[in-house]
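Letter by letter, the chains look like this.
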Amino acid sequence: MGKLEIFCAGVSIDVLPCRPLKNILVNVPHEGSSPKAISNTLKMFQYANNALTYLDSGGFQLLVFELAGKQYTFDPAQPLQMSDQGINVTPEYIIAVAMEMQPKFLSALDFPIKKLTDKNEQEKEFLGKLGYNITWARKTANLRKERCPHIKLLIPVQSYTVEQFQEFFHYIKDIEFDGLSMPVRNFEAHEIAIFLITFYKLNIPMVHLLGTSKLLTTALAAYMARHYFAWVSMDSTSWRLSAQYNHYINPLSLQVTDIGYNVIIDENIRIYCPCPWCRGKTFTYIKNLPHTEKVSFLRCHNWWVIEHAAKELYEHSDTVLTLKEHLLTRCPDTGEIEKLCSVLNIIDALRDRGIEEILFACRLDYADMMI
Amino acid sequence: MFNEEKIYLIQPDHVSPGEMTVQVPQAFSTTHEYFDDININAVESFNGISDYIGETISQCPTVLNTLGRFICLDGWNLIEEARQAQLETIRCLVQVADNCPDEEIAIRKVATRIIPANGKCSYLETVRNVKALYQMLMATRENLVCFHHGGRRRGNEFINNKEENVRLILATRLGKSPNTISKYLNHGEHLSDYAMPTLMATIPDQTVKPNKQFFEKAQSNKNKMQVDLKSEGKPENEITEKLSGYVLQMFDEYKRTGDIQNYTRSQAADSEDNHAEKLPVEDAPSDSIAIKFLPKDFSYYPGNQASPEQTSFSINDIKADIATIATNLCDLSQNQNAQLPEVTLYVTASISALSQCLQKCRTIDLTIQQHEGGNAIWVN
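Residues numbered from 1 in each chain as written. Chains lettered and ligands numbered in written order. Predicted model: local features only at pLDDT ≥ 70, side-chain atom pairs only at ≥ 80, totals over all residues. Heavy atoms only, no water.

Asks: Hey, could you go over the overall build of chain B for me, with residue numbers and the actual values?
Replies: Check the secondary structure of chain B and you find 13 helices and seven strands. The buried share of chain B, taken over its 380 residues, is 37%. Look at the contacts in chain B between residues 6 or more apart in sequence, and 73% of them connect residues 24 or more apart. (Helix = DSSP H or I, 4+ residues; strand = E, 2+ residues; numbered from the N terminus. Buried < 20%, exposed > 50% of the residue type's maximum accessible area, 1.4 Å probe, protein only. Contact = heavy atoms within 4.5 Å.)

Okay, here's the thing in structure tokens:
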């Protein structure tokens, strides 16, 4: 039975959803771009009294700059920077910041692939960035080995399909690392499950799912942590971003509800959230809080429900059946729950078989469901 | 005839050069006020300040009686309506003030809609009173419609939500925006029955008062402390007690310094101090660094293979490296002039060097394992 950990991303010393805050994820371009930024981050770790820290490489920021048509460079001769003008980041900087921050976990530098639907475009994008991703994964791993071997290294997976992942893995399998991290993008939980079982078959002990806090993805992570991996972790900024947009995360389905100033709330709609912030309060109370207090309230509530949901899902992950029963009490989308549980059943049944056989069975199941 | 200069020379307003006579400034204060039926044709409008677009909420116009004239300050629409209804008189609230020039009339016309008739109260009183009104209206069994505004007591704007309706009543009846009402309620939240009167008692005899600026500054700290208390699972009454105590403490600081220290910064400084106290002073500094930075459940994943060029380390080399690091840190600890940047630099460099030592240790350990056949390959 492994561990499931949820990392809080997008925090600062003034934006903490609770204290102590157990797990914090920061990234190199934001929190490591200057000695002052690093010093502030270390102060934040201390103030938050956190146990685990995860340093993400900031590949996502590279993608943001690429999509915005801004300059992005990988020049070790230039300083590490992220500004309106552009971004410069290299594996050397990732390790240098890790040396300063001493996180427990570290992601290798990666160049994320764009969200595309056309298969040909996907293949082009994957191949176009494969070289970067292999080179940077290897370089980060070598530098980690030299300079901070005690920090656990996770290699980000940038692929649209399991086959593409296997191709990437072929080129990095000889380097030293502790696990894989995976951006979930548009994948549904049952699609992520296919990747995870592939990782499991490759004896990967640790997996981190980047940037997600959806209910079914969390359920999948919980189940995989209970039965397959030594460690599964996730991170998200949705607790904070939702709060900024006046969105209240439903404690059961983890879907957002708008409680902006223009929303009319019937007084018969009660809060059924057991979090310490919602206790004894009404939606009207939250809605009418002054903006700063409202955002602060929602941040705290949103983070609490995400963390709490993960705990409950982990506790109910004894079997696929118990997980399914619990999910049905939380979420009205029975179709999606059915898809996820069906894939988990296949994976459980075929866990000792070869990966090709598992993939084939899962895809056959998809085809049935599509019909 | 006499010109002005001659009058001045004959009747000087001072006794001798340099000795000015004290002139009592003309005060245009209201001598008395009364309601009376005034002839409509006697009421003049005042155009120095345009009439208000919104109609007055008063039942009768307010007029100024000065120099024998009746000048309308507010409610001209009521006079026009009375004229159209061909009434001869209209009941007015008459303010009497002697010899008002146009400037004074203008000020009065503007003030009718800005300053309350009975003057303003302190910010804290507003907070206290709005909080009390809110609780009163939330608890009332009366139909809320009857508390709504003047001519609009039909409750058309009401929705099926008492909290919202009470806020609406407070906003319209007190002439504030709903956001301002929310702010008052928020500033009054978690102020105990003890804290509110204690703060109130400071109002009459203090130069620094618990004003809006104070509450706005204090609110940010209150929020952060509330996050801490809720995280600790404290019950609501304890949270109120602690936050009230903290508000009083902040007000003391505000009186002394005119500012309030940021809660996060002060807590961060405290935790830094505590952390420094916890570090074993007598131990070798290198040990402290290791204790501080290396994870307790440290385990090294060996991967597929150890690189062959890294197998030539000896334990004595590592010991020598550690000795150098320890010496440097000892020197630093005894250096009275060492400032924070220098200490940070040394500590960082030491961690880096220790990390390399650790890597060498693990490499030696791996080599031993390999010789003994203990290394497992975990990936396909």
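Next comes the rest of the description.
Asks: Hey, could you go over the overall build of chain A for me, with residue numbers and the actual values?
Replies: A tally of regular secondary structure across chain A gives 14 helices and 13 strands. Projected onto its principal axes, the C-alpha coordinates of chain A cover approximately 60 × 55 × 40 Å. A buried classification covers 60% of the 371 residues belonging to chain A. Across chain A, contacts joining residues at least 24 apart in sequence account for 71% of those joining residues at least 6 apart. For chain A, the computed accessible surface area is about 14,800 Å², with 53% contributed by carbon and sulfur atoms. The centroid of the 37 positive side-chain charges in chain A is displaced by 5 Å from the centroid of its 41 negative side-chain charges. (Areas by Shrake-Rupley, 256 points an atom, 1.4 Å probe, with all protein chains shown as cover. Lys, Arg positive; Asp, Glu negative; His and termini not counted. Charge placed at Lys NZ, Arg CZ, Asp CG, Glu CD.)

Asks: For the side chain of B:His190, give the residues involved together with the corresponding values.
Replies: Residues and elements named next belong to chain B. Examined against the element boundaries, His-190 turns out to sit in the loop between helix H6 (178–188) and helix H7 (195–201). Accessibility expressed as a relative area gives 7% for His-190, which makes it buried. Of note is the side chain of His-190, whose polar atom sits 3.2 Å from the side chain of Thr-240. Those residues in contact with His-190 that sit more than four places away from it in its chain are Gln-226, Glu-236, Ile-239, Thr-240, Leu-243 and Ser-244. (Polar contact = N/O pair within 3.5 Å; in protein donor to acceptor, adjacent residues only side chain to side chain.)

Asks: Lay out the nonpolar core in plain terms, naming residues and giving numbers.
Replies: The biggest cluster of nonpolar side chains holds 167 residues, and the ones touching the most others in it are A:Ile155 and A:Phe199. No other element matches the eleven residues that helix H11 (residues 291–315) of chain A contributes to this core. Those residues in contact with A:Phe199 that sit more than four places away from it in its chain are A:Val157, A:Phe165, A:Leu180, A:Met182, A:Ile204, A:Val207 and A:Phe229. If you look at the next biggest cluster of nonpolar residues, it comprises 14 residues, including B:Ile38, B:Cys72, B:Trp76 and B:Ile90. (Core = buried A, V, L, I, M, F, W, Y, C linked by side-chain atoms within 4.5 Å.)

Asks: Run through the packing of H11(A) against helix H12 (residues 320–330) of chain A, naming residues and quoting values.
Replies: All names here are of chain A. Running from N to C, H11 and H12 point in directions that differ by 145°, and their axes come no closer than 9 Å. The residues of H12 that touch H11, namely those facing Ala-309, Glu-312 and Leu-313, are Leu-323, His-326, Leu-327 and Arg-330. A breakdown of the residues in the contact of H11 with H12 according to their chemical character gives four nonpolar, one polar and two charged. (Axes fitted to C-alpha atoms, helices over the stretch in contact; angles between N-to-C directions. Nonpolar A, V, L, I, M, F, W, Y, C, P; charged D, E, K, R; others polar.)

Asks: Provide a residue-level description of the packing of aromatic side chains, including the pertinent values.
Replies: Residue and element names in this part refer to chain A. Within the structure shown, the criterion is met by 28 aromatic pairs over all chains. Site record: aromatic cluster; members linked through ring pairs are Phe-165, Phe-169, Phe-177, Phe-187, Phe-195 and Phe-199. If you follow Lys-294 out to its NZ or CZ, it ends over the ring of Tyr-261, 3.8 Å from the centre. Its end group placed over the ring of Tyr-228, Arg-351 keeps NZ or CZ at 4.2 Å from the ring centre. (Phe/Tyr/Trp six-rings, centres within 6.5 Å; stacked < 30°, edge-to-face > 60°. Lys NZ or Arg CZ within 6 Å of the ring centre and 35° of its normal.)

Asks: Outline the sheet that holds strand E9 (residues 179–183) of chain A, listing residues and values.
Replies: Residue and element names in this part refer to chain A. Within the closed barrel, the eight strands sit side by side as E1-E2-E3-E7-E8-E9-E10-E11. Their pairing is parallel. Going from strand to strand, the sheet's axes swing by 25° on average, the running direction of each strand aside. One ladder, built from four bridges, connects strand E10 (residues 206–210) with strand E11 (residues 231–236); its direction is parallel. Among the inter-strand pairings, Val-207 is bridged to a residue of E11, identified as Val-232. (Pairing = 2+ DSSP bridges.)

Asks: Give a description of the pairing of strand E3 (residues 52–56) of chain A that names residues and reports values.
Replies: Working note: regular strand, side chains alternate between the two faces of the sheet. All names here are of chain A. With respect to burial, E3 is a largely interior element, five of its five residues being buried. On E3, burial covers both faces: Leu-52, Tyr-54 and Asp-56 on one face and Thr-53 and Leu-55 on the other are all buried. Taken together, the five bridges between strand E2 (residues 23–27) and E3 define a ladder with parallel strand orientation. The residue bridging Leu-25 from the neighbouring strand is Tyr-54, located in E3. Pairing analysis gives two bridges linking E3 to strand E7 (residues 105–107), with the strands arranged parallel. When the sheet's bridge partners are listed, Tyr-54 is paired in E7 with Phe-105.

Asks: So what's going on with the sheet that holds strand E7 (residues 89–96) of chain B? Which residues, and what values?
Replies: All names here are of chain B. Pairing is mixed in the open sheet, where five strands are placed in the order E3-E7-E5-E6-E4. With one partner strand each, in any of the chains shown, strand E3 (32–39) and strand E4 (43–44) form the two edges of the open sheet. Bridge count between E3 and E7: eight bridges; the pairing is antiparallel. Bridging from a neighbouring strand, Asp-36 pairs with Cys-92 of E7. In the packing of helix H3 (residues 102–111) onto the sheet, the strands contacted are strand E5 (62–66), strand E6 (69–74) and E7, and the crossing angle to E6 comes to about 35°.

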